[in-house]
Amino acid sequence: DKLAPILIERKSVDDVANSLADGRWERQQRNMRKAQYVLGGGQDRRCQLCYLIEGDASQRMVHGGNVGRRSWNQTLEDVENAIESLPSKGFSVMRTKSIMGSMVLLSKIARDVSWKAKNGSIDATLTYENFLGQWRRCNDEVGDEPTLRRHQYPAAPIVDSTNIQFEHPTDSLDRNGITGDNDADVSANGNVPNEEEKECCTVAMDISPNRPAHVRAAGSDDAEELNKLSIAELKKKCKDRDEKQSGTKKELIFCLLKPRKPEILITRSRRKQYVPKVPSCNAALMVALLLNHKPGIDGLSKEKLMMLAEETGVSKDPMGGNGGWYDGWAGMKDLLKGDPPLVFVDKRKYSLTTQPPGSAGIDIAKALHVLAHREELCKCGNYVGI
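Rules and cut-offs
- Residues numbered from 1 in each chain as written.
- Predicted model: local features only at pLDDT ≥ 70, side-chain atom pairs only at ≥ 80, totals over all residues.
- Heavy atoms only, no water.
- Core = buried A, V, L, I, M, F, W, Y, C linked by side-chain atoms within 4.5 Å.
- Buried < 20%, exposed > 50% of the residue type's maximum accessible area, 1.4 Å probe, protein only.
- Axes fitted to C-alpha atoms, helices over the stretch in contact; angles between N-to-C directions.
- Helix = DSSP H or I, 4+ residues; strand = E, 2+ residues; numbered from the N terminus.
- Contact = heavy atoms within 4.5 Å.
- pLDDT = per-residue confidence, 0-100.
- Expected span 1.5 Å × (residues − 1).
- Salt bridge = Lys/Arg side-chain N within 4 Å of Asp/Glu carboxyl O.

Counting residues in hydrophobic clusters, the biggest one holds 35 residues, and the most contacted among them are Leu 285, Met 286, Leu 305, Met 319, Met 332, Val 343 and Leu 352. One finds Val 13, Ile 53, Leu 126 and Phe 131 within the second-largest nonpolar core, a separate group that totals 25 residues.

In structure tokens, the structure reads:
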């Protein structure tokens, strides 16, 4: 077998902190650039170098503010700065939430490389033994950081939209043009607002093509009308639409500016029946079944379903869990309960229920799929009317 000209170093955020602490971080990069020189045809360096960073460093902080272990003495800023510096050193960066997400991404890359090898798009000429011999004979200088622009900031093998940075809801509200209590320092007439003005929530919607679909759906007139209502009236409207009823006035208004949920989900919630939230692991499981299983044939195994659910992008947390006792499969028991249940299992194979029409699992999954596209979460690439 011959080696393909692509090198990927998979590291969890804990591994990054540990590598920085013991000095491996720079040594590994130098060795990878030497390998790139060998596999990529010398100075042309036609070999992709990539780091696959797994996990969220902000979720791996221990007492003292360090990432991984306190003894490593690596702060969140140290880890993120090290990752951000990689492109200038000749490495592309891909990020995933968990081991399962990494496996999904690596399988995509493997399929892509296999296809390119078959059609001759890449040069695979060296065996591992040939490569190792040439690598050992390389001068250390070929492992230096690149100075030519064409060898810096490379594209990743596969572009993935996974975003592991989670924001507080009010952060996105402010960027979308919704200004809440005490947000403004100056009133419309240029004066410092009094206490009565501060209590008023001013909502100014700018309906531009760059805004998310669920914000563009509503105009400034709707926002102004909602702004006139009291908190109690807004909560009543949210209850009618099965939206959350807690939060500040601007958060309630933001919920009401979104398109109404599919009625099948609202009706189910009013009947006190279980409805998976979007995003959530259970919603990801149902969407994965909808996209990858056809009624009437054997269902999907747990392992296959978990991988496909991770691939949808609909889960809020990694399907493989965050290192604790629970993972994305923990909520499956809720999908298997009810009359009818949302998911049916037979001989450890899982599928969506199809009866009765209008309340079966397949109908709920279709509605969740719509919500996932509306929130710009689903990565399936299919057009879904929203």
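What follows deals with the packing of helix H12 (residues 263–270) against helix H16 (residues 361–374). Two numbers describe how H12 lies on H16: the axes approach to 9 Å, and their chain directions differ by 115°. Along its contact with H12, which presents Ile 264, Leu 265 and Arg 268, the element H16 presents Asp 363, Ile 364, Ala 367, Leu 368 and Leu 371.

The next point concerns the confidence of the model for the protein. Confidence in the prediction of the protein, expressed as mean pLDDT, is 83, and 82% of residues score 70 or more. Confidence, expressed as mean pLDDT per element, reaches its minimum in the protein at strand S5 (residues 202–203) with 38 and its maximum at strand S7 (residues 349–352) with 97. Scored below 50 in pLDDT, residues 161–221 shows 93 contacts in the model against residues more than four places distant or in partner chains.

What follows is about helix H13 (residues 281–292). Compared with an ideal rise of 1.5 Å per residue, which puts twelve residues at 16 Å, H13 spans 16 Å between its outermost C-alpha atoms and is within 8% of the ideal. Across the twelve residues of H13, ten count as buried, placing the element largely inside the fold. Lining the buried residues of H13 we find helix H14 (302–312), helix H15 (332–336), strand S6 (343–346), S7 and H16.

What follows concerns the pattern of salt bridges. Counting across every chain of the model gives 19 salt bridges. Salt-bridge contacts for Asp 44 lead to Arg 46; the nearest nitrogen and oxygen are separated by 2.8 Å. For Asp 44, a relative accessible area of 40% gives the class partly exposed. For Arg 46, a relative accessible area of 52% corresponds to the exposed category. With a closest N to O distance of 3.2 Å, Lys 116 and Asp 112 form a salt bridge. A residue pair is termed a helical-turn pair when its members lie 3 or 4 positions apart in one helix, as Lys 116 and Asp 112 do in helix H4 (residues 99–118) at four residues. According to the relative accessible area criterion, Asp 112 is partly exposed, its value standing at 25%. Salt bridges linked by common partners bring Asp 240, Arg 260, Glu 263 and Arg 270 together as one network.

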